[in-house]
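A closer look at the structure
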Amino acid sequence: MRLLTLAVAFAVFLVGGVVGFNLLTAGTGETAPATPGCKDEVIAAGSPIPSNVVTINVFNASARSGLANRAQLDLQKNGFRGGQIGNSESATKPRRVAILTNDPNDPRVALVASQFKDKVQYAAPDISVADGIVVVVGDEYRGVKTDATTSTTSDKDITVCVPVVPAVPAA
């Protein structure tokens, strides 16, 4: 009887070892193609631009730790899409807040500028980010208005990156 028990245990061990090894070394199979986080769409002149199609990158030029993160979170509460955050490498060192842009009249820039309690200064971009509006906050930054408008009207055709929500396949 003991011999039979040992034989069965050995067989289970052997089969388990083979199956385990195969699972350990098996590939993951086909991966689904990556879906983009957003797709480009044109907003025609005269159409509304909601805050949820504007990505904001916030950089800290102050000695206050975590200021860019706090500003980013406050802007996200107003519906904006979060972009990059971190310490500023820009030569622009605002006392309060600056937007790095070549076009201060861009309606997206104006919408972002309207969010701040502080008067916004503008400067030419000297740091590179993939997408969005670049905001630099300084030592005297006072925060975001809680009652700021969250949309504006475009005075020209502009291209924005609209978030894509992947469809879940039906079961």
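Throughout what follows, the structure given in this document is the object of discussion.

Quick word on the overall build of the protein chain
- Secondary structure assignment for the protein chain yields 3 helices and 9 strands.
- Walking the protein chain from its N terminus toward its C terminus, one meets helices and strands in the order α-β-β-β-α-β-β-α-β-β-β-β.
- Taken over 171 residues, the protein chain has a buried fraction of 33%.
- Look at the contacts in the protein chain between residues 6 or more apart in sequence, and 81% of them connect residues 24 or more apart.
- In the structure as shown, the protein chain presents an accessible area of about 10800 Å², 58% of it carried by carbon and sulfur atoms.
- In the protein chain, 15 positive and 15 negative side-chain charges are present, and the distance between their average locations comes to 9 Å.

Looking at the side chain of Ser-62
- Along the polypeptide, Ser-62 turns up in the loop between β3 (55–60) and α2 (67–77).
- Looking at Ser-62, its side chain comes within polar contact range of the side chain of Asn-60, at 2.6 Å.
- In this structure the side chain of Ser-62 is engaged in a polar contact, spanning 3.0 Å, whose partner is the backbone nitrogen of Arg-64.
- With near-sequence residues (within four places) excluded, Ser-62 lies in contact with Leu-67, Val-137, Gly-138 and Asp-139.

What to know about the pairing of strand β4 (residues 81–87)
- Of the pairings in the sheet, the one linking β3 to β4 comprises 5 bridges and is parallel in character. Counted as the bridge partner of Asn-60 is Asn-87 from β4.
- Tracing the backbone out of β3, into α2 and back to the parallel element β4 gives a crossover that is right-handed.

Considering the pattern of salt bridges
- Applying the stated criterion to the full structure yields 8 salt bridges.
- Across the pair Asp-118 and Arg-96 runs a salt bridge whose closest N-O atoms are separated by 3.9 Å. On the criterion of sequence distance, the pair formed by Asp-118 in the loop between α3 (107–113) and β6 (120–123) and Arg-96 in the loop between β4 and β5 (97–100) is long-range, its members being 22 residues apart.
- Classification of Asp-118 as buried rests on a relative accessible area of 4%.
- Its relative accessible area of 28% is what places Arg-96 among the partly exposed residues.
- For the salt bridge of Arg-96 with Glu-140, the shortest nitrogen-to-oxygen distance reads 3.8 Å. Of this pair, Arg-96 sits in the loop between β4 and β5 while Glu-140 is found in the loop between β7 (133–137) and β8 (151–153), placing the two residues 44 residues apart along the sequence.
- It is possible to trace a salt-bridge network through shared partners that takes in Arg-95, Arg-96, Asp-118, Glu-140 and Arg-142.

As for the pairing of β5
- Here β5 shows two buried faces, one formed by Val-97 and Ile-99 and the other by Ala-98 and Leu-100.
- For β5 and β6, the ladder comprises 4 bridges, and the chain directions are parallel. Bridging across to β6, Ala-98 finds its partner in Gln-121.
- One crossover worth recording links β5 to the parallel β6 by way of α3, and it is right-handed.

Details of the sheet that holds β4
- Strand order in the open sheet made by the 5 strands is β4-β3-β7-β5-β6, with mixed pairing throughout. Bordering the open sheet on either side are β4 and β6, each of which pairs with just one other strand. Each strand axis lies, on average, 25° off the axis of its neighbour in the sheet, ignoring direction.
- Strands in contact with α2 are β3, β4 and β7; relative to β4, the strand with the most contacts, it is inclined by about 170°.

So, how was this worked out
- Residues numbered from 1 in each chain as written.
- Predicted model: local features only at pLDDT ≥ 70, side-chain atom pairs only at ≥ 80, totals over all residues.
- Heavy atoms only, no water.
- Helix = DSSP H or I, 4+ residues; strand = E, 2+ residues; numbered from the N terminus.
- Buried < 20%, exposed > 50% of the residue type's maximum accessible area, 1.4 Å probe, protein only.
- Contact = heavy atoms within 4.5 Å.
- Areas by Shrake-Rupley, 256 points an atom, 1.4 Å probe, with all protein chains shown as cover.
- Lys, Arg positive; Asp, Glu negative; His and termini not counted.
- Charge placed at Lys NZ, Arg CZ, Asp CG, Glu CD.
- Polar contact = N/O pair within 3.5 Å; in protein donor to acceptor, adjacent residues only side chain to side chain.
- Pairing = 2+ DSSP bridges.
- Right-handed = clockwise from strand over helix to strand, strands pointing away.
- Salt bridge = Lys/Arg side-chain N within 4 Å of Asp/Glu carboxyl O.
- Axes fitted to C-alpha atoms, helices over the stretch in contact; angles between N-to-C directions.

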